[in-house]
Amino acid sequence: MNFEDAIVRRPAENFADGLTSAELGPPEFALMQAQHEAYVCALREAGLRVQILDAAPQFPDAHFVEDAAIVVPELAVIARPGAGSRRGEAALIEPALAPHRPIARIEAPGTLDGGDVLQVGKHVFVGVSARTNETGARQLEALLADHGYRCTLIPLTHALHLKSDLNAVGSETLVVTRALADHEAIARFERIIVDPDETYAANLLRINGRLLIARGAPRLRDKLDAIALEIVELDMSEVRKMDGGLTCLSIRF
Ligand code: CIR
């Protein structure tokens, strides 16, 4: 799948007030800004038009825009984030997507974070997690079914989001942590399994001919070198301190 556009949001100065379970120490704002700018550059160098939204200090996690919407060629689904402190991010993202796609919405009592949604062609995997409930997942399934997509729900117990564990590097190849490697839902795919001490790097991002990966996972990088894609490593230390990764910093379409 080829992308042309991305939407990102600048991190707010109070981004360290966001949710985290990482226990990696307090993040630094200046370094976070630099990492975010490098990320935007990497998206542009991969050929995307990048729309940069203003920081939203009322929602310190709002730069993790991926969680607020799911965009497919036919429509944009405004999510309903599972964390109460993040719920208002949905209304905030809608005006940025409305010029690009017809809008649909996940409705209460459904909850859904975009980080739980992995699209591989017309097949969409939806993590049912602490953030995404089955009602939200089924609402998304119904909205996408109208456009010929098939959804598979994957219950999660260990990770924040599905894409913490599972991402696509091609239409037939997934990168997956050991936790989901043997899941029947992905049995038909080629699987590149991430070593346990490199689990964070499973959250990688394929953009057209490039693969963005977090710096610090040399064994995964070696495994990915076999794929004919240009690999771009990015320093994600401050993003990681707030439980974020490469996918969650943008919406691609
Ligand atoms: C949160 O806990 O919601 C944020 N601090 C991190 C969200 C990361 N989102 C993602 O991986 N899609």
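Heads up: the structure comes first, above all this text.
Conventions and cut-offs
- Residues numbered from 1 in each chain as written.
- Predicted model: local features only at pLDDT ≥ 70, side-chain atom pairs only at ≥ 80, totals over all residues.
- Heavy atoms only, no water.
- Core = buried A, V, L, I, M, F, W, Y, C linked by side-chain atoms within 4.5 Å.
- Buried < 20%, exposed > 50% of the residue type's maximum accessible area, 1.4 Å probe, protein only.
- Helix = DSSP H or I, 4+ residues; strand = E, 2+ residues; numbered from the N terminus.
- Contact = heavy atoms within 4.5 Å.
- Near = heavy atom within 4 Å.
- Polar contact = N/O pair within 3.5 Å; in protein donor to acceptor, adjacent residues only side chain to side chain.
- Areas by Shrake-Rupley, 256 points an atom, 1.4 Å probe, with all protein chains shown as cover.
- Nonpolar A, V, L, I, M, F, W, Y, C, P; charged D, E, K, R; others polar.
- Salt bridge = Lys/Arg side-chain N within 4 Å of Asp/Glu carboxyl O.
- Pairing = 2+ DSSP bridges.
- Axes fitted to C-alpha atoms, helices over the stretch in contact; angles between N-to-C directions.
- Arc of directions from axis to C-beta.

**Student:** Would you explain the nonpolar core in this entry?
**Tutor:** Most often, soluble globular proteins have nonpolar side chains that are buried together. Counting 26 residues, the largest nonpolar core has Tyr39, Leu43, Leu212, Leu234 and Met236 as the members making the most contacts within it. Elements with a minimum of two residues in this core: strand 1 (5–9), helix 1 (29–45), strand 12 (205–207), strand 13 (210–214) and strand 14 (230–234). At five residues, helix 1 tops the list of elements feeding residues into this core. Not counting residues within four places of it along the chain, the set of residues in contact with Leu234 comprises Ala38, Tyr39, Ala42, Leu212, Ile213, Ala214, Arg215 and Leu246.

**Student:** I would appreciate a short explanation of the site of the ligand in the present structure.
**Tutor:** The environment of the ligand is made up of 13 residues, and the closest members are Leu19, Asp61, Arg86, Arg131 and Met242. Take Arg131: an N or O atom from its side chain is 2.7 Å from an oxygen atom of the ligand. Take His161: an N or O atom from its side chain is 3.4 Å from an oxygen atom of the ligand. Here the ligand, which alone exposes 350 Å², has 97% of that area covered by the protein. When the residues that make up the shell around the ligand are grouped by side-chain class, the tally is four nonpolar, three polar and six charged.

**Student:** How should I be thinking about the pattern of salt bridges in this particular structure?
**Tutor:** Pairing between side chains becomes possible if they bear opposite charge and their charged atoms approach one another. What the rule picks out here adds up to 20 salt bridges. Each of Asp195, Asp197, Glu198, Arg219 and Lys223 takes part in a single network of salt bridges with overlapping partners.

**Student:** What exactly am I supposed to notice about the sheet that holds strand 10 (residues 173–177) here?
**Tutor:** Sheet strands associate in pairs through backbone hydrogen bonding, adopting either a parallel or an antiparallel arrangement. An order of 9-10-11 is seen for the three strands of this open sheet, with the pairing classed as mixed. Strands with a single pairing partner mark the edges of an open sheet, and in this sheet they are strand 9 (166–168) and strand 11 (190–194). Neighbouring strand axes in the sheet, compared pairwise and without regard to direction, differ in orientation by 25° on average. Across three bridges, strand 9 lies against strand 10 in antiparallel orientation. In the strand pairing of strand 10, Ala168 is matched with Leu174. Of the strands in this sheet, strand 10 and strand 11 touch helix 5 (residues 218–225), which is tilted by about 160° from strand 11.

**Student:** Would you explain the sheet that holds strand 6 (residues 117–120) in this entry?
**Tutor:** An order of 6-7-8 is seen for the three strands of this open sheet, with the pairing classed as mixed. At either end of the open sheet lies a strand with only one pairing partner, and these are strand 6 and strand 8 (150–155). Direction aside, the axes of adjacent strands within the sheet are offset by 20° on average. By the bridge criterion, six bridges tie strand 7 (residues 123–128) to strand 8 in an arrangement that is parallel. Of the residues in strand 8, the one forming a bridge with Gly127 is Ile154.

**Student:** Honestly, the environment of Leu31 in this entry has me stumped. Any pointers?
**Tutor:** One can find Leu31 in helix 1. Overall, Leu31 belongs to the partly exposed group, its relative accessible area being 33%. The spatial distance from the C-alpha of Leu31 to the C-alpha of Asp235 is 9.9 Å, given a sequence separation of 204 residues. Excluding anything up to four places from it in sequence, Leu31 contacts Ser237 and Glu238.

**Student:** Hey, could you run me through helix 2 (residues 89–97) in this one?
**Tutor:** For an α-helix the count is 3.6 residues per turn, leaving residues at separations of three or four pointing the same way. For helix 2, the complete set of buried residues consists of Glu89, Ala90, Ile93, Ala96 and Leu97. The buried residues of helix 2 all sit within an arc of 115° when viewed along its axis, so they share a single face. Away from its buried face by more than 90 degrees, helix 2 exposes Ala91 and Pro95. Taken together, the buried residues of helix 2 touch strand 1, strand 2 (49–53), strand 3 (69–72), strand 4 (75–78), strand 5 (103–105) and strand 15 (251–252).

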